[in-house]
Amino acid sequence: MANSNGRQHVFTCGCGQGESPISARFQALDNAGLADRTLVEVQGMLPPGSTLQSPDSLGQATEQLLFMAKVESALHGEVISAAIAVAYPEDARRGAPVVPIAATGHKEDIEAIARSQAQKIVELRGDSVREIQSLAVQVRVSEPACALACVVLT
């Protein structure tokens, strides 16, 4: 995919558990490599031409735009999962929809929902899907927990 706009994106995820929901959330952010940053959540589409990079290229920016799926729970024994999917359209001049899903359940199920919804969005726009990329994470709750999956714009 041509990178005409200079934008790049990275997939990352993390889980955390702690004595409180806040400490679990911060541990999940740290686990995802997003600690010590100001995070600005966005929704919608990746800009046309945005290219996927490895998590190593996340960089050290102090402010990050990101799409995030996040779920928290304190119910002992519950399985929580976060997934995020991007459907890249055949027409590279169009944006790629980013679908975050977070819920109770196993990561394979939650990821399948995110992928299916991302594909449907591209098809509803009258295009076909060139490729779908996704990432999911889960945690079985033993104390307050957080699971998150993100696409970070770099």
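Preceding this paragraph is the structure being described.
Residues numbered from 1 in each chain as written. Predicted model: local features only at pLDDT ≥ 70, side-chain atom pairs only at ≥ 80, totals over all residues. Heavy atoms only, no water.

Q: Quick question: what am I supposed to make of helix H1 (residues 21-31) here?
A: Helical geometry note: an α-helix holds 3.6 residues per turn, so side chains three or four residues apart project in the same direction. Turning to H1, its buried residues number three or more, namely Ala24, Ala28 and Leu29. Down the axis of H1, the buried set is contained in an arc of 135°. They therefore lie on one face. The outward face of H1, more than 90 degrees from its buried face, is lined by the exposed residues Phe26 and Asp30. Along its buried surface, H1 packs onto strand S1 (8-17), strand S2 (38-41), strand S5 (63-73) and strand S9 (145-153). Where H1 terminates, the next one or two residues include glycine 33, which has phi positive at roughly 80°. (Buried < 20%, exposed > 50% of the residue type's maximum accessible area, 1.4 Å probe, protein only. Helix = DSSP H or I, 4+ residues; strand = E, 2+ residues; numbered from the N terminus. Arc of directions from axis to C-beta. Contact = heavy atoms within 4.5 Å.)

Q: Would you mind going over helix H2 (residues 107-124) with me for this structure?
A: Taking 1.5 Å per residue, 18 residues should reach 26 Å; H2 reaches 26 Å between its end C-alpha atoms and fits that length. Taken as a whole, H2 has its buried residues at Ile110, Glu111, Ala114, Ala118 and Val122. One side of H2 carries all its buried residues, which in axial view fall inside an arc of 110°. Of the residues one or two after H2, glycine 126 is the one with positive phi, at around 85°. (Expected span 1.5 Å × (residues − 1).)

Q: Would you mind going over the pairing of S9 with me for this structure?
A: Walk down a regular strand and you will see the side chains alternate between the two sheet faces. For S9, the buried fraction is high: 9 of the 9 residues fall into the buried class. By the alternation rule, side chains of S9 split into Ala145, Ala147, Ala149, Val151 and Leu153 and Cys146, Leu148, Cys150 and Val152, which are all buried. Pairing of S1 with S9 involves 9 bridges; the strand directions are antiparallel. Across the sheet, the residue bridging to valine 10 is valine 152, located in S9. With 9 bridges joining them, S5 and S9 adopt antiparallel strand pairing. By the bridge assignment for S9, valine 71 is matched with alanine 147. (Pairing = 2+ DSSP bridges.)

Q: What exactly am I supposed to notice about the pairing of strand S7 (residues 96-104) here?
A: One ladder, built from 2 bridges, connects strand S3 (residues 45-46) with S7; its direction is antiparallel. Opposite methionine 45, over in S7, you have proline 97 as the bridge partner. Of the strand pairs in this sheet, strand S6 (residues 79-89) and S7 are connected by 7 bridges, and their pairing is antiparallel. Considered in S7, the bridge of alanine 82 is made with alanine 102. Here S6 folds back onto S7 in antiparallel fashion, the turn holding 6 residues.

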